[in-house]
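Geometric and topological summary
Residue strings, one per chain:
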Amino acid sequence: MQPFRTDDRAFTPAAGTGVLVGVVVLLLAVVGAAVFGLIDGVAPPDAEFDVDHEDGELVIVALGPDPIPAEELYVRGEDPNDEVVFGGWPADGVVHPGDRITVPEATGNEEIEIVWEPVAFARSETLARYGEDDIDTSGWDEADPLDSDPFG
């Protein structure tokens, strides 16, 4: 009979099991983060916009609450008359609640979207969408020419 064993093979299965459990936990954490959108690195801003008719012009007003870099905002849409020029938000810097722009040549029958596209990521999200039914065009005077072209 031997008083002491010099064989340490019993440690190997315990270490292998520990490594396997660690790998599975890490894999589940990565998959869970991807499923819940945490890996993307950027979340859309919490922002609302209002589209209204003022003095013969279509006006878009940022309601907030989050400020958004102007270079990440776009005004897009469809115009049945093909007269409206859509494009990037026409201001520099940051769009704060209360900031407003006018949409040139708009008559109120357009479908308008305010879209957020972060600069460094390949994703976009529509923050607001307005159609002809959402815009109050009572008192609209189509004969008034628009003086400025903020999208030009």
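Looking now at the side chain of Asp 79. Along the polypeptide, Asp 79 turns up in the loop between strand 4 (73–78) and strand 5 (87–88). In this structure, Asp 79 is buried with no salt-bridge partner, the nearest side chain bearing the opposite charge being Arg 76 at 15 Å. Here Glu 83 takes part through its backbone nitrogen, which lies 2.7 Å from a polar atom of the side chain of Asp 79. At 2.9 Å, the side chain of Asp 79 forms a polar contact with the backbone nitrogen of Val 84. Those residues in contact with Asp 79 that sit more than four places away from it in its chain are Val 84, Phe 86, Asn 109 and Glu 110.

With that settled, consider the pattern of salt bridges. For the structure on display, the rule yields two salt bridges. One salt bridge in this structure joins Arg 76 and Glu 117, with 2.8 Å as the shortest N-O distance. Residue Arg 76 is located in strand 4, and its partner Glu 117 is located in the loop between strand 8 (111–116) and strand 9 (125–130); the two are separated by 41 residues in the primary sequence. For Arg 76, a relative accessible area of 32% translates into the label partly exposed. Arg 129 serves as the salt-bridge partner of Glu 113, at 2.9 Å between the closest nitrogen and oxygen. With Glu 113 in strand 8 and Arg 129 in strand 9, this pair connects stretches of sequence that are 16 residues apart. Residue Glu 113 is classed as partly exposed on the basis of its relative accessible area of 24%.

Right, let's talk about the environment of Glu 113 for a bit. Placed 35 residues apart in sequence, Glu 113 and Glu 78 show a C-alpha to C-alpha distance of 9.0 Å. Apart from the residues within four sequence positions on either side, Glu 113 is in contact with Tyr 74, Val 75, Arg 76, Thr 126, Ala 128 and Arg 129. At 2.9 Å, the side chain of Glu 113 and the side chain of Arg 129 are in polar contact.

Strand order in this open sheet of four strands is 5-4-8-9, and the pairing throughout is antiparallel. Bordering the open sheet on either side are strand 5 and strand 9, each of which pairs with just one other strand. Sheet analysis places strand 4 next to strand 5, joined by two bridges and oriented antiparallel. Across the sheet, Tyr 74 pairs through a bridge with Gly 88, a residue of strand 5.

This next bit is on the sheet that holds strand 2 (residues 57–65). Taken in spatial order, the three strands make up an open sheet running 1-2-7, and their pairing is antiparallel. The two strands at the open ends of the sheet, each matched to only one other strand, are strand 1 (47–54) and strand 7 (100–103). Neighbour to neighbour, the strand axes of the sheet diverge by 25° on average, direction disregarded. Looking at chain direction, strand 2 and strand 7 are connected through four bridges and run antiparallel.

Together, Glu 78, Glu 111, Glu 132 and Asp 133 give the surface a local cluster of negative charge. Mapping Glu 78 onto the fold places it in strand 4. The exposed category is assigned to Glu 78, whose relative accessible area is 60%.

Thresholds applied
Residues numbered from 1 in each chain as written. Predicted model: local features only at pLDDT ≥ 70, side-chain atom pairs only at ≥ 80, totals over all residues. Heavy atoms only, no water. Helix = DSSP H or I, 4+ residues; strand = E, 2+ residues; numbered from the N terminus. Buried < 20%, exposed > 50% of the residue type's maximum accessible area, 1.4 Å probe, protein only. Lys, Arg positive; Asp, Glu negative; His and termini not counted. Salt bridge = Lys/Arg side-chain N within 4 Å of Asp/Glu carboxyl O. Polar contact = N/O pair within 3.5 Å; in protein donor to acceptor, adjacent residues only side chain to side chain. Contact = heavy atoms within 4.5 Å. Pairing = 2+ DSSP bridges. Axes fitted to C-alpha atoms, helices over the stretch in contact; angles between N-to-C directions. Patch = residues over 30% accessible without salt bridge, like charges linked within 9 Å, V, L, I, M, F, W, Y side chains within 5 Å. Areas by Shrake-Rupley, 256 points an atom, 1.4 Å probe, with all protein chains shown as cover. Charge placed at Lys NZ, Arg CZ, Asp CG, Glu CD.

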